[in-house]
Amino acid sequence: QVQLVELGGGLVQTGGSLRLSCVASGRAFSSWTMGWFRQAPGKEREFVAAISWSGGGTYYAVNVKGRFTISRDNAKNTVYMQMNSLEPEDTAVYYCAASVHGSGAYEHWGQGTQVTVSS
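Below is a short write-up of the structure.

Definitions and cut-offs
- Note on numbering: residues in each chain are counted from 1, in written sequence order.
- For this predicted model, a pLDDT threshold of at least 70 governs which residues receive local features, and a threshold of 80 or more governs which side-chain atom pairs are given and counted, while totals over whole chains, interfaces and linings are taken from all residues.
- Side-chain measures here rest on the full set of heavy atoms in the structure, leaving out hydrogens and waters.
- We treat two strands as partners when DSSP finds at least two bridges between them.
- Secondary structure elements are taken from DSSP: a helix is a run of H or I of four residues or more, a strand is a run of E of two residues or more, and numbering for both begins at the N terminus.
- Note on geometry: axes are lines fitted to C-alpha atoms, helical ones only across the stretch in contact, with angles between N-to-C directions running from 0 to 180 degrees.
- The disulfide definition used here is simple: a pair of cysteine sulfur atoms within 2.5 Å.
- When accessible area is computed with a 1.4 Å probe and restricted to protein chains, residues below 20% of their type maximum are described as buried, those above 50% as exposed, and intermediate ones as partly exposed.
- Note on aromatic pairs: the rings of Phe, Tyr and Trp (six-membered ring only in Trp) are paired at centre separations within 6.5 Å, and the planes decide the class, stacked below 30 degrees, edge-to-face beyond 60, tilted for the rest.
- In protein, a polar contact requires one atom able to donate a hydrogen and another able to accept it; more generally it is a pair of N or O atoms within 3.5 Å, and residues adjacent in sequence count only if both atoms are side-chain atoms.
- Contacts are assigned to residue pairs that have any heavy atoms within 4.5 Å of one another.
- Salt bridges are counted wherever a side-chain nitrogen of Lys or Arg sits within 4 Å of a carboxyl oxygen of Asp or Glu.

### Section: the sheet that holds strand S7 (residues 68-73)
No. 1: With antiparallel pairing, the four strands of this open sheet are ordered in space as S1-S3-S8-S7. The open sheet has two free edges, formed respectively by strand S1 (4-7) and S7, since each of these has just one partner strand. Each strand of the sheet is rotated relative to its neighbour by a mean of 15 degrees, with strand direction disregarded.
No. 2: Bridge analysis of strand S3 (residues 18-24) against strand S8 (residues 78-83) gives six bridges, and the strand direction is antiparallel. Residue pairing across strands places Val-23 opposite Thr-78, the latter belonging to S8.

Right under this line is the structure:
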């Protein structure tokens with residue numbers, strides 16, 4: 001059974017940084033594509049970033065590219081997202097997700113962690 005637990009959310013001022021972590025259970029973590037999504041109040045959930053199974057491929061939403069960096073440590077079953085130059089518009093619940101079957105769909109989701117950026 002796949003379980004994802006996000007850590008590292010919190011309150012930060014504009015221009016500050018946070019690092020989110022997502023620890024996954026499951027023997028085949030190193031074969032999964034992993035992603036980060038977010039949902040702000042009153043808005044739909046949106047894609048933020050993704051990373052291929054090897055870490056060799058990374059993908060970002062236009063509005064975070066250059067500020068956020070996704071990475072992974074397969075030995076620790078963990079994916080990270082370093083978020084720099086945070087803006088109030090980045091305030092949202094951030095979710096970690098796993099694409100296990102290689103279909104492009106994310107079948108498993110974490111419970112989310114709140115990130116609040118104050119102006």
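### Some details on the state of the cysteines
No. 1: Scanning the model with the defined rule gives one disulfide in all.
No. 2: At a sulfur-sulfur separation of 2.1 Å, the disulfide partner of Cys-22 is Cys-96. Measuring the twist about the S-S bond at about -75 degrees, one finds the Cys-22-Cys-96 disulfide to be left-handed. Of the two residues, Cys-22 is situated in strand S3 and Cys-96 in strand S9 (residues 92-99); the sequence distance between them amounts to 74 residues.
No. 3: For Cys-22, a relative accessible area of 0% gives the class buried.

### Remarks on the packing of aromatic side chains
No. 1: Enumeration according to the criterion identifies five aromatic pairs in this entry.
No. 2: Measuring from ring centre to ring centre gives 5.8 Å for Phe-29 and Trp-32, while their planes differ by 70 degrees; the resulting arrangement is edge-to-face.
No. 3: Where Phe-37 meets Phe-47, the ring centres are 5.7 Å apart and the plane angle is 75 degrees; that geometry is what we call edge-to-face. Placement of the pair is Phe-37 in strand S4 (residues 33-39) and Phe-47 in strand S5 (residues 46-51), with a sequence separation of ten residues.

### Observations regarding the side chain of Arg-67
No. 1: Here Arg-67 is to be found in the loop between strand S6 (58-60) and S7.
No. 2: On the basis of relative accessibility, which here comes to 12%, the residue Arg-67 falls in the buried class.
No. 3: One polar contact links Arg-67 to Asp-90, side chain to side chain, over a distance of 2.8 Å.
No. 4: Here Arg-67 is in contact with Gln-82, Met-83, Asn-84, Ser-85, Leu-86, Glu-87 and Asp-90, once residues within four sequence places are set aside.

### Notes on the pattern of salt bridges
No. 1: One pass over the full model with this rule turns up three salt bridges.
No. 2: Arg-38 is the salt-bridge partner of Glu-46, the closest N and O atoms lying 2.6 Å from each other.
No. 3: Accessibility expressed as a relative area gives 31% for Glu-46, which makes it partly exposed.
No. 4: With a relative accessible area of 4%, Arg-38 lands in the buried category.
No. 5: For Arg-67, the salt bridge identified is with Asp-90, shortest N-O distance 2.8 Å. You can see Arg-67 sitting in the loop between S6 and S7 and its partner Asp-90 sitting in the loop between S8 and S9, a full 23 residues away along the chain. Each member of the pair, Arg-67 together with Asp-90, is buried.
No. 6: Residues participating in the shared-partner salt-bridge network are Arg-38, Glu-46, Arg-67 and Asp-90.

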